[in-house]
Amino acid sequence: MDISHVILYAIVPIIVVMLAGYISGKKGVFTGEDSKKFNKVVLDYALPAALFVSIVQASREMLVKDIKLTIISTVGIMVCFMLVYFIFKYCFKKNTGADAAVSALISGSPTIGFLGFAVLEPIFGTTPAVALVVAIVGIVVNAIGIPVGLSLMNASLEKQNPGSTKKESAWKPVIHALEQPVAWAPILAVIWVVVGIPWPKWASPSFDLIAKANASMAVFSAGITLSAIKFTINWQAVLGSILKMIVMPAFVLILGLVFHMEPINLKMLVVACALPPAFSGIIIADEYDTYVATGTSSLTLSVILFIGFCPLWIWLTDVALAAF
């Protein structure tokens, strides 16, 4: 794959739009509250529409081929998620279990909802395969990672201050995650394809109009979010970025090679796992007032590093596929 194409068509547009959001935030044109509203439009409307309309145009055969993609995505991301949790819990004495859980929610989860389509489509094209990768990784992050992270966090907070958290069912975070449009929309689309209901072409434009706002609004909003973050580098922020930008894509690449994934699916999955940390982790950190400064610094550093790591991982994946 031509690396110059990746840089010009995937990386540069993201930098330009994110920079516009960053400058707007610094000038006070938009605030952190505005960013939250933009994020809600993306997560509740634009991204679900983009996922749904792309997946329903797939075929049963494509879904069967993607079972391996689903398994490797789940194992790869969640192993890295728990690795981040244990490293930050046991290697840094000052960290609590809640700090480690936030670290996992940030450095153990790619921001697939905000940057997935913005990065993958310019590189791999606007295809149902891209949408399936975004959907599968998104479901792993939102329906598995976030509930696990919240459970670990609440358990730690309850241990520190008995009675400080409400006793809730362990399934409540999972059910809440599945209630979100970004989770149930792709699941509904997959069911639609499995059942074999033909998707009428005339229905797509009604979804496309809002779906096209997904990537641009998500990246612009990310810029506003970064403008409100106080950026300071420390060893934990650096380690979080290393685990996210190097360890996760490397582990997924090795899994994919060992289990002979489809080359194009493997390349998309590696790039998806090399995306910066999930912004949802920062939102949760801010809500619980836990590990905010270091978490946001790790996020900012990873966004900067992604400019170089995205083309690097595409090249490394091509080299690995050629070797194997």
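Up top you'll find the structure we're talking about.
The model shown is predicted, which means the values in this text are computed figures rather than measured ones.

J.: Outline the overall build of the chain, supporting the account with residue identities and numerical values.
T.: The helix and strand inventory of the chain stands at 15 helices and zero strands. Against the 2.2 N^0.38 benchmark of 20 Å for 324 residues, the chain shows a C-alpha radius of gyration of 19 Å, consistent with a compact globule. Structurally, the chain occupies a C-alpha span of about 55 × 45 × 45 Å along its principal axes. Buried positions account for 51% of the 324 residues belonging to the chain. Accessible surface computed for the chain: about 15,000 Å², of which carbon and sulfur atoms make up 70%. Side-chain charges of the chain comprise 20 positive and 17 negative groups, with the mean position of each set lying 5 Å from the other.

J.: Give me the pattern of salt bridges: which residues, what numbers.
T.: Using the criterion set out here, one finds three salt bridges in the structure. The partner of Lys267 in a salt bridge is Asp318, and the shortest N-O contact between them spans 2.9 Å. Pair noted here: Lys267 is in helix 13 (residues 263–273) and Asp318 is in helix 15 (residues 292–323), with a separation of 51 residues, a long-range link.

J.: How would you summarise the environment of Ala215 if you had to cite specific residues and measurements?
T.: Positionally, Ala215 belongs in helix 11 (residues 213–227). Note on Ala215: relative accessible area 24%, which makes it partly exposed. On a C-alpha basis, the gap between Ala215 and Pro277 in space is 16 Å, while along the polypeptide they are 62 residues apart.

J.: Explain the side chain of Ser103 to me, and be specific about the residues and the numbers.
T.: Position of Ser103 among the secondary structure elements: in helix 5 (residues 97–107). Apart from the residues within four sequence positions on either side, Ser103 is in contact with Val84, Phe88, Gly108 and Tyr291.

J.: Describe helix 11, naming the residues involved and giving the relevant values.
T.: Between its first and last C-alpha atoms helix 11 spans 21 Å; for 15 residues at 1.5 Å apiece the expected length is 21 Å, and the two agree. Within helix 11, burial applies to Asn214, Ala218, Val219, Ser221, Ala222, Gly223, Ile224, Thr225, Leu226 and Ser227.

J.: Tell me about the side chain of Asn95, residues and numbers included.
T.: As for its position among the elements, Asn95 is in the loop between helix 4 (67–90) and helix 5. At a separation of 3.0 Å, a polar atom in the side chain of Asn95 contacts the side chain of Gln236. If near-sequence neighbours (up to four positions away) are discounted, Asn95 is found in contact with Phe88, Lys89, Gln236 and Tyr291.

J.: How would you explain the packing of aromatic side chains if you had to name every residue and give the values?
T.: Under the defined criterion, the tally for this structure stands at eleven aromatic pairs. Seen from their ring centres, Phe38 and Phe220 are 6.4 Å apart, and the 65° between their planes marks the pair as edge-to-face. Separated by 182 residues along the polypeptide, Phe38 in helix 2 (residues 32–55) and Phe220 in helix 11 bring together distant segments of the chain. Taken together, the ring pairs connect Phe52, Trp192, Trp199 and Phe207 into an aromatic cluster.

J.: Summarise unusual backbone geometry; cite the residues concerned and give the values.
T.: Residue His260 is not a glycine yet carries a positive backbone phi of 55°. With respect to the helices and strands, the residue His260 is situated in the loop between helix 12 (235–258) and helix 13. Judged by relative accessible area, His260 falls into the exposed class, the value being 64%.

J.: Tell me about the environment of Ser109, and name the residues and values.
T.: Turning to its location among the elements, Ser109 is positioned in the loop between helix 5 and helix 6 (112–124). Classification of Ser109 by relative accessible area gives buried; the value is 3%. Ser109 sits 115 residues away from Ile224 along the chain, and the two C-alpha atoms are 20 Å apart. Discounting chain neighbours no more than four positions away, the residues touching Ser109 are Phe81, Ala104, Val141, Lys244, Met248, Pro276, Pro277 and Ala278. Among the polar contacts made by the side chain of Ser109, one reaches the main-chain carbonyl oxygen of Leu105 at a distance of 3.4 Å.

What counts, and where the lines are drawn
- Residues numbered from 1 in each chain as written.
- Predicted model: local features only at pLDDT ≥ 70, side-chain atom pairs only at ≥ 80, totals over all residues.
- Heavy atoms only, no water.
- Helix = DSSP H or I, 4+ residues; strand = E, 2+ residues; numbered from the N terminus.
- Rg over C-alpha atoms; globule rule 2.2 N^0.38 Å.
- Buried < 20%, exposed > 50% of the residue type's maximum accessible area, 1.4 Å probe, protein only.
- Areas by Shrake-Rupley, 256 points an atom, 1.4 Å probe, with all protein chains shown as cover.
- Lys, Arg positive; Asp, Glu negative; His and termini not counted.
- Charge placed at Lys NZ, Arg CZ, Asp CG, Glu CD.
- Salt bridge = Lys/Arg side-chain N within 4 Å of Asp/Glu carboxyl O.
- Contact = heavy atoms within 4.5 Å.
- Expected span 1.5 Å × (residues − 1).
- Polar contact = N/O pair within 3.5 Å; in protein donor to acceptor, adjacent residues only side chain to side chain.
- Phe/Tyr/Trp six-rings, centres within 6.5 Å; stacked < 30°, edge-to-face > 60°.

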